[in-house]
Amino acid sequence: MRTRPCGDTGLLVELDSLDEVLALHADLAADPPSGTVDLVPAARTVLVRVAAAADLPGVDADVLARTPAPASGRDGDTVELAVTYDGEDLDAVAEHTGLDPEGVVTAHTGQTWTVAFAGFTPGFGYLVGADERLHVPRRESSRTRVPAGAVGLAGEFSGVYPRESPGGWQLIGRTDHVLWDLDRDPPAVLRPGTRVRFVRA
């Protein structure tokens, strides 16, 4: 674990793996350093934002002194998303994984996913699961339009497009669940640390 200052009110924590990011983010969320106003996880970093009057060197020392337990053992909000598994790339994913389409659906619904971090577009969560059979490459060419609610796979992640946008993920299904709504507090359903269960619609 390494830390770098990020402006006058931020500390960027660099880690060696996504598992370490999940563990540290969960630990900091459960017991934030004094003065913390926001935690922003990414693939290999956690940004700790603090109030202007906070003791940033003290926050740095607090973070470096931690030895977080694996995040999988922690409690978190759980969201259930009903999915219709009729995605355009379902057959391609089945061929890549060596499963049949029904096997892909069973693997996708048969585990609990965790939102590791958010990005790409508001409300988009990068979800990680335990079944490595579903690790598939992105499409060779991205689509110019992916509909809101599309459920996809790319690399080690699954994700749900919160609104129509371009995208290169392998699409396996769709959900009607509204994932991003500015009139809701908080607007995003899929926030870092949230657990997700996919069920067949």
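Details of the structure are given in the entry above.
Residues numbered from 1 in each chain as written. Predicted model: local features only at pLDDT ≥ 70, side-chain atom pairs only at ≥ 80, totals over all residues. Heavy atoms only, no water.

**What about the sheet that holds strand β7 (residues 125–128)?**
Strand order in this open sheet of seven strands is β5-β13-β6-β7-β10-β9-β12, and the pairing throughout is mixed. Among the strands making up the open sheet, the edge pair consists of β5 (78–83) and β12 (170–174). Strand-to-strand twist of the sheet, defined as the mean angle between neighbouring strand axes without regard to direction, takes the value 35°. Both strand β9 (residues 150–154) and β12 contribute to a ladder of four bridges, which runs antiparallel. (Pairing = 2+ DSSP bridges. Helix = DSSP H or I, 4+ residues; strand = E, 2+ residues; numbered from the N terminus. Axes fitted to C-alpha atoms, helices over the stretch in contact; angles between N-to-C directions.)

**Observations concerning the sheet that holds strand β1 (residues 2–5)**
As a general point, the strands of a sheet are linked pairwise by backbone hydrogen bonds and lie either parallel or antiparallel. A sheet is described by the order of its strands in space; here four strands give the open sequence β1-β2-β4-β3, paired in antiparallel fashion. In this open sheet, the two edge strands, each paired with only one partner strand, are β1 and β3 (36–41). Within this sheet the neighbouring strands show an average axis-to-axis angle of 20°, counted without direction. Relative to strand β2 (residues 10–14), β1 runs antiparallel, the two being bridged by four bridges. Looking at the pairing, Thr3 lines up with Val13 of β2. Relative to the sheet, helix α1 (residues 18–30) contacts β2, β3 and β4 (45–50), its axis offset from that of β4 by approximately 20°. Running at roughly 20° to β2, helix α2 (residues 56–64) makes contact with β1, β2 and β4 of the sheet. (Contact = heavy atoms within 4.5 Å.)

**Side note on the nonpolar core**
Ranked by internal contacts, the top residues of the largest apolar core, which has 27 residues, are Leu18 and Val48. Listing elements by their share of this core, those giving two or more residues are β2, α1, β4, α2, β6 (112–118), β7 and β9. Top element by residues in this core is α1. It accounts for five residues. Non-local contacts of Val48, meaning those with residues more than four positions away in its chain, are made with Thr9, Gly10, Leu11, Val13, Leu28, Thr36, Asp38, Leu39 and Val59. (Core = buried A, V, L, I, M, F, W, Y, C linked by side-chain atoms within 4.5 Å. Buried < 20%, exposed > 50% of the residue type's maximum accessible area, 1.4 Å probe, protein only.)

**A few points about the side chain of Thr194**
Inspection of the secondary structure puts Thr194 in the loop between β12 and β13 (195–200). Here the side chain of Thr194 touches Arg191 through a polar contact of 2.9 Å, landing on its backbone oxygen. Beyond its immediate sequence surroundings of up to four residues, Thr194 is in contact with Asp77, Val79, Trp113, Thr114, Val115 and Val189. (Polar contact = N/O pair within 3.5 Å; in protein donor to acceptor, adjacent residues only side chain to side chain.)

**A short note on the pattern of salt bridges**
Taken as a whole and judged by the stated rule, the model has 14 salt bridges. Arg49 is the partner of Asp38 in a salt bridge, and the nearest nitrogen-oxygen pair spans 3.8 Å. Pair noted here: Asp38 is in strand β3 and Arg49 is in strand β4, with a separation of eleven residues, a long-range link. The partly exposed category is assigned to Asp38, whose relative accessible area is 32%. A relative accessible area of 36% places Arg49 in the partly exposed class. Linked by salt bridges that have partners in common, Arg2, Arg4, Glu14 and Asp16 make up one network. (Salt bridge = Lys/Arg side-chain N within 4 Å of Asp/Glu carboxyl O.)

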